[in-house]
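Summary of the model geometry
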Amino acid sequence: MSIRHATVTAPQISEHIGEITIVAEDDAVVGIYYPGHWTKPDRSAFGPEVSHGSDPAIAAAVEQLHDYLDGGRDTLDFAMRANGSDFEERVWGILRQIPYGETLTYGGIAEQLGDRSLARMVGQAVGHNPLSIAVPCHRVVGADGSLTGYAGGLERKRFLLGLEGAIEEDAPTLF
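Below is a short write-up of the structure. (Residues numbered from 1 in each chain as written. Predicted model: local features only at pLDDT ≥ 70, side-chain atom pairs only at ≥ 80, totals over all residues. Heavy atoms only, no water.)

1. Examining the sheet that holds strand β3 (residues 28–33)
- A sheet is described by the order of its strands in space; here three strands give the open sequence β1-β2-β3, paired in antiparallel fashion. Each edge of the sheet is formed by a strand with only one pairing partner; in this case those strands are β1 (4–8) and β3. The mean angle between the axes of side-by-side strands here comes to 25°, regardless of whether they run parallel or antiparallel.
- Note that β1 and strand β2 (residues 20–25) share five bridges and pair antiparallel. Bridging across to β2, Ala6 finds its partner in Ile22. (Pairing = 2+ DSSP bridges. Helix = DSSP H or I, 4+ residues; strand = E, 2+ residues; numbered from the N terminus. Axes fitted to C-alpha atoms, helices over the stretch in contact; angles between N-to-C directions.)

2. Some points on the pairing of β3
- Here β3 lies mainly inside the structure; six of its six residues are buried.
- The turn linking β2 back onto β3 is made up of two residues, and Asp26 within it adopts a positive phi angle of 55°. (Buried < 20%, exposed > 50% of the residue type's maximum accessible area, 1.4 Å probe, protein only.)

3. A short note on helix α2 (residues 56–69)
- Taking 1.5 Å of rise per residue, the 14 residues of α2 would be expected to cover 20 Å, and the 20 Å separating its terminal C-alpha atoms lies within 8% of that figure.
- Those residues of α2 lying buried are Ala57, Ile58, Ala61, Val62, Gln64, Leu65, His66, Tyr68 and Leu69.
- The N-cap residue of α2 is Asp55: its side-chain oxygen and the backbone nitrogen of Ala57 are 3.2 Å apart.
- Looking at the residues trailing α2, positive phi occurs at Gly71, about 85°. (Expected span 1.5 Å × (residues − 1). Polar contact = N/O pair within 3.5 Å; in protein donor to acceptor, adjacent residues only side chain to side chain.)

4. Re the nonpolar core
- Counting 46 residues, the largest nonpolar core has Ile22, Val91, Leu95 and Val122 as its most contacted members.
- Among the elements that make up this core, the one with the highest residue count is α2 (seven residues).
- The contact partners of Leu95, leaving out residues within four places of it in the chain, are Ile109, Val126, Asn129, Val135, Pro136, Cys137 and Val140. (Core = buried A, V, L, I, M, F, W, Y, C linked by side-chain atoms within 4.5 Å. Contact = heavy atoms within 4.5 Å.)

5. Focus on the pattern of salt bridges
- Summed over all chains, the structure comprises five salt bridges.
- Notably, a salt bridge pairs Glu25 with Arg81, separated by 3.5 Å at the nearest N-O pair. Of this pair, Glu25 sits in strand β2 while Arg81 sits in the loop between α2 and α3 (86–97), and the two are 56 residues apart along the sequence.
- Glu164 is the salt-bridge partner of Arg139, the closest N and O atoms lying 2.9 Å from each other. Of the two residues, Arg139 sits in the loop between α5 (119–127) and β5 (140–141) while Glu164 sits in the segment after α6 (154–163), which places them 25 residues apart along the sequence.
- Overall, the relative accessible area of 6% leaves Arg139 in the buried class.
- Taking relative accessible area as the criterion, Glu164 reaches 7% and is therefore assigned buried. (Salt bridge = Lys/Arg side-chain N within 4 Å of Asp/Glu carboxyl O.)

The structure is reproduced here in structure tokens:
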């Protein structure tokens, strides 16, 4: 198999977060993107469009995302792979460890990496996470707990954190 994608607009997804594009390569999902995603690669890099029901890697992701958005799942464990720099891979590894319903700050991630001054670089790596929701970059908040930039938009971030019970509805936003 090669790289390919599916655009998913099933009710469980579109009602809450809009359509998403799921990109797969070989047997793993390598990208989950929203419309207007800040760091979405050019669509030509996604390969041909396929039906999400006919592609095993994409179908597994869609099924688990539906369950998560319906409140029936708190982890996503379909086959996935993210390719980034060594630093990005380290940041994304920490994102994967943030428990459902909890948040961590950019500075907290930088501290885990051994240098609090890396917080801005952490923010850039978080913003370039290609596996939205699955690698839970929405669980990263500002130092004061405010909702800060999210490549998929703050309303989606607010929804995802609210779904998980990690924030109250009136949580402040920075951007």
